[in-house]
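# Working through the structure, step by step
For reference, the chains in residue letters:
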Amino acid sequence: MKYRLTTALIALAAAGAVQAQDNVLHVYNWSDYIAEDTLEKFTAETGIEVTYDVYDSNEVLEAKMLAGSSGYDVVVPTSDFLQRQIAAGVYAELDYDQLPNAANMDADLMAGAAAYDADNAHAVIYMWGTTGIGYNVNAIAERLGEDYEVDSWSLVFDPEISAKLADCGISMLDAPTEILPAAMNYLGLNPNSTDKADFEAGAALLESVRDNVRYFHSSQYISDLANGDTCVAVGWSGDVFQALYRAEEAENGVEIGYVIPKEGALQWFDMLAIPADAPNPDLAHTFINFIMDAQITADITNYVWYANGNAASMPLVDEEITSDPGIFPTEAAKAGLWASVPYDARTDRTVTRLWTRVKTGQ
Ligand code: SPD
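Residue positions within a chain follow its written sequence, with the count starting from 1. The predicted origin of the model limits local features to residues at a pLDDT of at least 70 and limits the giving and counting of side-chain atom pairs to 80 or more, whereas totals for whole chains, interfaces and linings rest on all residues. Values shown for side chains rest on all heavy atoms present in the structure; no hydrogens or waters enter the calculation.

### Describing the overall build of the protein chain
As a reminder, the rule being used: Counting from the N terminus, the helices are DSSP H or I runs at least four residues long and the strands are E runs at least two residues long. Here the globule rule is a power law, 2.2 Å times the number of residues to the power 0.38, and the radius of gyration is based on C-alpha atoms. Whether two residues touch is decided by their heavy atoms; if any such pair falls within 4.5 Å, the residues are in contact.
Looking only at helices and strands, one finds 17 helices and 11 strands in the protein chain. In terms of overall dimensions, the protein chain is globule-like: its C-alpha atoms have a radius of gyration of 22 Å, near the 21 Å expected for 362 residues. Each principal axis of the C-alpha distribution contributes one length, and for the protein chain these read about 85 × 45 × 40 Å. Considering only intrachain contacts with a sequence separation of at least 6, the fraction spanning at least 24 residues in the protein chain is 73%.

### Concerning the packing of aromatic side chains
Where we set the bar: In this analysis, rings of Phe, Tyr and Trp, with Trp reduced to its six-membered ring, are considered paired at centre separations within 6.5 Å, and the interplanar angle assigns stacked below 30 degrees, edge-to-face beyond 60, and tilted for intermediate values. Think of it in three bands: with a 1.4 Å probe and only protein chains considered, a residue is buried below 20% of the maximum accessible area for its type, exposed above 50%, and partly exposed in between.
Applying the stated rule across the entire model yields 17 aromatic pairs. Where Trp30 meets Trp236, the ring centres are 5.2 Å apart and the plane angle is 80°; that geometry is what we call edge-to-face. Of this pair, Trp30 sits in strand S1 (residues 24–30) while Trp236 sits in strand S7 (residues 232–236), and the two are 206 residues apart along the sequence. Judged by its relative accessible area of 6%, Trp30 is buried. Ring plane angle 80° and centroid distance 5.2 Å describe the contact between Tyr33 and Tyr126, whose orientation is recorded as edge-to-face. A residue pair is termed long-range when its members are at least 10 positions apart, and Tyr33 in the loop between S1 and helix H2 (38–46) and Tyr126 in strand S4 (residues 123–136) qualify at 93 residues. An aromatic cluster of three or more residues is present, and its members are Tyr28, Trp30, Tyr55, Tyr72 and Trp236.

### As for helix H10 (residues 196–209)
Filter applied, for reference: A helix's residues, less one, multiplied by 1.5 Å, set its expected span.
Between its first and last C-alpha, H10 extends 20 Å over 14 residues, near the 20 Å set by a 1.5 Å rise per residue. Looking at the buried residues of H10, the elements they touch are helix H7 (154–157), helix H8 (159–163), strand S5 (170–172), helix H9 (176–186), strand S6 (213–216) and helix H17 (345–360).

### Examining the pairing of strand S8 (residues 256–259)
Using the following cut-off: We treat two strands as partners when DSSP finds at least two bridges between them.
Every second residue of S8 is oriented toward a common face, with Ile256 and Tyr258 on one face and Gly257 and Val259 on the other, all of them buried. For S4 and S8, the ladder comprises four bridges, and the chain directions are antiparallel. Within S8, the residue paired with Tyr135 across the bridge is Gly257.

### A few points about helix H4 (residues 79–87)
Note: α-helices contain 3.6 residues per turn, so residues at a spacing of three or four share the same orientation. The element H4 is largely enclosed, with a buried count of seven among its nine residues. When we look at burial in H4, the residues that qualify are Ser79, Asp80, Phe81, Leu82, Arg84, Gln85 and Ile86. Looking at the buried side of H4, the elements it contacts are helix H3 (58–67), S4, H9, strand S9 (265–273) and H17. At the C-terminal side of H4, Gly89 shows a positive phi close to 80°.

### Structural notes on the packing of H3 against H4
The test is simple: An axis is simply a line fitted to the C-alpha atoms; with a helix, the fit covers only the stretch in contact. Between two such axes, the angle follows the N-to-C directions and lies from 0 to 180 degrees. The labels follow the angle: roughly parallel below 35 degrees, roughly antiparallel above 145, roughly perpendicular from 65 to 115, and oblique for the rest. In this scheme, a crossing is called left-handed if the near helix is turned counterclockwise away from the far one by less than a right angle; it is called right-handed if the turn is clockwise. Note that Gly is not counted as nonpolar here; it falls among the polar residues with everything else outside the nonpolar set of Ala, Val, Leu, Ile, Met, Phe, Trp, Tyr, Cys and Pro and the charged set of Asp, Glu, Lys and Arg.
Closest axis-to-axis distance for the H3/H4 pair is 11 Å, and the angle between their directions is 15°. With respect to H4, the element H3 is oriented roughly parallel. The handedness of the crossing between H3 and H4 comes out as right-handed. Contacts between H3 and H4 involve Asn58, Glu59, Glu62 and Met65 from the former and Phe81, Arg84 and Gln85 from the latter. Per-class residue counts for the contact of H3 with H4 are two nonpolar, two polar and three charged.

### Re the site of the ligand
So the rule is basically this: Nearness is judged by heavy atoms alone; a residue qualifies as near a molecule or strand once a single heavy atom is within 4 Å of it. Polar contact is the term for a pair of N or O atoms within 3.5 Å; when the atoms are in protein, one must be able to donate a hydrogen and the other to accept it, and sequence-neighboring residues count only if both atoms are side-chain atoms. The protein chains shown are the only cover counted for residues, whose accessible areas, like all others here, come from Shrake-Rupley with a 1.4 Å probe. An automatic or database domain assignment supplies the residue ranges for each domain.
Close to the ligand lie Trp30, Ser31, Asp32, Tyr33, Asn58, Thr78, Glu178, Trp236, Asp239, Trp268, Asp270 and Tyr306. Here a nitrogen atom of the ligand and a backbone polar atom of Ser31 are 2.6 Å apart. Within the side chain of Asp239, a nitrogen or oxygen atom sits 2.8 Å from a nitrogen atom of the ligand. For the ligand, whose accessible area on its own is 330 Å², the fraction buried by protein is 98%. Here the residues of the shell around the ligand are counted per class, giving five nonpolar, three polar and four charged. Looking at which domains feed residues into the shell around the ligand, each of domain 1 (2–128 + 269–315) and domain 2 (130–267 + 338–360) gives three or more.

Here it is, written out as structure tokens:
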């Protein structure tokens, strides 16, 4: 009897442990992409603990998702990657009955995102932005003249211009599906072309400026720009604004600008999605619904400087942000934005091979 009781107690204790584990949500999100108090508020409101890991590349997230059993409940792929991962069966369908705050979302933006995920069946918009150029205003003026207007990809893609900036430090995202199309677009080619010759041309352009680029990395540039350690970053809109804000806070004399080049730029959506094998899909829905609260989304935008897809949050977003054309592009700038398309396996191989060649010279 004693043995049986002990066994029962152990079983009960184990059940308790599983229970505790069950109440932990595992989130995998981009770095520098959430307000400092979002997770704390979520736990206070729901009692659900969160483990939170970060990445800075869609390729890294994709590798984990395709391998399966990631252990994550919520992840944040960009829309073009989302689309092909849905095709690979990576994501669960959302249960909108558990997402009443979906009513807060902007119908037009969600319709845009539905181009990648019919009926928004698997994901809702977290944040959106553009891939443009962040720059140190004074460093550029010193090297290119006080009257030089930063409005073109020529700042980084013209070998003569970028050579003049090499000493103060140019960085580019380590994001082949964004940088190669930007180079192709600068050459007058379709950024969404999947023609091998067009990628070859984009890669050749990048190789012609390779010596002027200090590094390819997708998160380091925030602090480097803010500290004045680099002077140009091909980067994501909100990240550049975070650098701007950090420099202002530090009062270090670094003035930062962000431009959507006149030749056009990539516009993307980052989406909240639930892996098909998520350990806790119900907690995942609770989290996604919490994020879609108008105040919570506004708090995130106010902290990370990215536009969001939540119409109800907009009156709560700082005017400094809603009025900035680098974050909410003007109608004229919008006309030049392109949305990326998911690549097939053959195009993927081309892109990977060329990107390695651009970065390593081999
Ligand atoms: N620091 C957050 C960066 C988020 C960038 N999302 C990636 C967009 C890819 N097109």
